[in-house]
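Tertiary structure, described
This is what each chain is made of:
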Amino acid sequence: MNRLLSNRPIILMIYRSDLQLISILLLALSCNSLWAQNFYYATSRYDDRLTEWMIYDTLDQEMATLEYAGLPSDAFRSWNFRLQDRPGSVKLRWRENPNEWDLRRDQHLLSIKPVWPGQLEEWLISDGNNFFHLKLRKEYEGLRWELVNTSNDLLAYVINDYSYDPRDWSFYYETDLNNDDLCMAAFFIIVQYTPVILKRY
């Protein structure tokens, strides 16, 4: 019998084994990449003003930035952000209402507004079909913002790293939340309104 033919099953077995190993490695890398895309923590670029932010993933890589784009006196205030190298914006919707916003990136649009006018501790975020609430809970250790769905299931929460210090935040997830625009909308509310809320206490 030809030696090459007799060794073919062994060669095929090794070849298949290598392919399986490569597939497992690629799957692991893919899962790691997806996990790394979650917001992990955010910090203000400056200590004395909260107008520029850097957001990092679980691998300590900068994955997003958020920056105030207007002047304090602007009637239509706006923020710009960059997420996964794609730009977006958050802009005030109405001149007469300073608490209703639109977040846009590519073809995606999220509306942001308080659940109750004038009350800044609970917010509604919606794309027109899906609705989420962002709620503030005051705890002894500091502030905790919770993101829930319409069934009031906790999806994620954001806490300040130092008690009642609005310059550093960490993100925690109760489910696989594969929605970066929603995370950015929630973080924008935290950045924009936490200082206002703290002044009321």
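Residues numbered from 1 in each chain as written. Predicted model: local features only at pLDDT ≥ 70, side-chain atom pairs only at ≥ 80, totals over all residues. Heavy atoms only, no water.

Regarding the overall build of the protein
As a reminder of what qualifies: Numbering of helices and strands starts at the N terminus; helices are DSSP runs of H or I of at least 4 residues and strands are runs of E of at least 2. Three labels apply to residues, based on accessible area from a 1.4 Å probe with only protein chains included: buried if under 20% of the type maximum, exposed if over 50%, partly exposed otherwise in between. By definition in these notes, contact holds between two residues if any of their heavy atoms fall within 4.5 Å. To be clear on the numbers: accessible area is Shrake-Rupley with a 1.4 Å probe, and residue cover counts the displayed protein chains and nothing else.
Across its full length, the protein holds 3 helices and 12 strands. Residue burial in the protein is summarised as follows: out of 201 residues, 39% are buried. Expressed as a percentage of contacts within the protein between residues at least 6 apart in sequence, the contacts between residues at least 24 apart total 33%. Surface accessibility of the protein: about 12,500 Å² in total, with carbon and sulfur atoms responsible for 52%.

A short note on the side chain of Arg105
Threshold: We call two N or O atoms a polar contact when they sit within 3.5 Å, provided that within protein one can donate a hydrogen and the other can accept it, with sequence-adjacent residues counted only if both atoms are side-chain atoms.
Positionally, Arg105 belongs in strand 6 (residues 101-105). In terms of polar contacts, Arg105 uses its side chain to reach the side chain of Asp181, at 2.7 Å. Non-local contacts of Arg105, meaning those with residues more than four positions away in its chain, are made with Phe81, Leu83, Arg86, Pro87, Gly88, Asp180 and Asp181.

A short note on the sheet that holds strand 5 (residues 86-92)
Note: strands within a sheet are paired through backbone hydrogen bonds, in either parallel or antiparallel orientation. For clarity, the cut-off: Here, strands pair whenever DSSP counts at least two bridges between them. A fitted line through C-alpha atoms serves as each axis, taken over the contacting stretch for helices, and the angle formed by two N-to-C directions is quoted from 0 to 180°.
Strand order in this closed barrel of 12 strands is 1-2-3-4-5-6-7-8-9-10-11-12, and the pairing throughout is antiparallel. Here the strands of the sheet are splayed against their neighbours by 20 degrees on average, with no regard to which way each runs. In the packing of helix 3 (residues 180-200) onto the sheet, the strands contacted are strand 1 (41-44), strand 2 (52-56), strand 3 (62-68), strand 4 (78-83), strand 5, strand 6, strand 7 (108-114), strand 8 (122-126), strand 9 (131-139), strand 10 (142-148), strand 11 (154-160) and strand 12 (168-173), and the crossing angle to strand 6 comes to about 145 degrees.

Regarding unusual backbone geometry
One non-glycine residue, Gln84, lies in the positive phi region at around 55 degrees. Tracing the backbone through its elements, the reader meets Gln84 in the loop between strand 4 and strand 5. Here the phi dihedral of Asp85 falls at roughly 65 degrees; this positive angle occurs in a residue that is not glycine. Mapped onto the fold, Asp85 is located in the loop between strand 4 and strand 5.

Observations regarding the packing of aromatic side chains
Formally: Any two rings among Phe, Tyr and Trp, with Trp reduced to its six-membered ring, count as a pair given centres within 6.5 Å; such a pair is stacked if its planes are under 30 degrees apart, edge-to-face if over 60, and tilted if neither. Either the NZ atom of lysine or the CZ atom of arginine qualifies as a charge over a ring when it sits within 6 Å of the ring centre and within 35 degrees of the ring normal.
Summed over the entire model, instances satisfying the criterion amount to 10 aromatic pairs. Centroid distance Trp53 to Phe187: 5.4 Å. Interplanar angle 85 degrees. Geometry classified as edge-to-face. A residue pair is termed long-range when its members are at least 10 positions apart, and Trp53 in strand 2 and Phe187 in helix 3 qualify at 134 residues. In terms of burial, Trp53 and Phe187 fall into one category: buried. An angle of 55 degrees between the planes, with centres 5.7 Å apart, marks the rings of Phe171 and Phe187 as tilted. In this pair, Phe171 is assigned in strand 12 and Phe187 in helix 3, connecting sequence segments 16 residues apart. Residues Phe171 and Phe187 agree in their burial class; the two are buried. An aromatic cluster is built from Phe39, Trp53, Phe171 and Phe187, whose rings are joined through pairwise contacts. Geometry around Tyr46 places Arg49 over its ring, the cationic atom sitting 3.9 Å from the centre. Above the plane of the ring of Tyr157 lies Arg144, whose end atom (NZ or CZ) is 3.9 Å from the centre.

Thoughts on the side chain of Thr194
Along the chain, the position of Thr194 falls in helix 3. In this structure Thr194 comes out as buried when scored by relative accessible area, which is 1%. From its side chain, Thr194 meets the backbone oxygen of Ile190 in a polar contact 2.7 Å long. Filtering out sequence-adjacent residues up to four positions away, Thr194 remains in contact with Leu143, Trp145, Pro166, Trp169 and Ile189.

Digging into helix 3
The condition that has to hold: A helix's residues, less one, multiplied by 1.5 Å, set its expected span. Here the bend at a residue means the angle between the axes of two seven-residue stretches, the one that ends at it and the one that starts at it.
Its 21 residues give helix 3 an end-to-end C-alpha distance of 30 Å, which sits within 8% of 30 Å, the value for a rise of 1.5 Å per residue. Along helix 3, the sharpest kink reaches roughly 40 degrees, centred on Tyr193 and followed within four residues by the proline Pro195.

Observations concerning the environment of His108
The topology assignment puts His108 in strand 7. Residue His108 is classed as partly exposed on the basis of its relative accessible area, which comes to 45%. In sequence terms His108 and Gly88 are 20 residues apart; their C-alpha atoms lie 9.5 Å from each other.

Considering the pairing of strand 2
Of all 5 residues making up strand 2, 5 are buried, and the element is well covered by its neighbours. The alternating pattern of strand 2 places Glu52, Met54 and Tyr56 on one face and Trp53 and Ile55 on the opposite face, and all of these are buried. Here strand 1 pairs with strand 2 via 4 bridges, running antiparallel. Bridged to Ala42 within strand 2 is Ile55. In terms of strand pairing, strand 2 meets strand 3 through 5 bridges, oriented antiparallel. Its bridge partner lying in strand 3, Ile55 is registered against Ala64. Linking strand 2 back to strand 3 in an antiparallel pair, the connection comprises 5 residues, with Asp60 at a positive phi of about 65 degrees.

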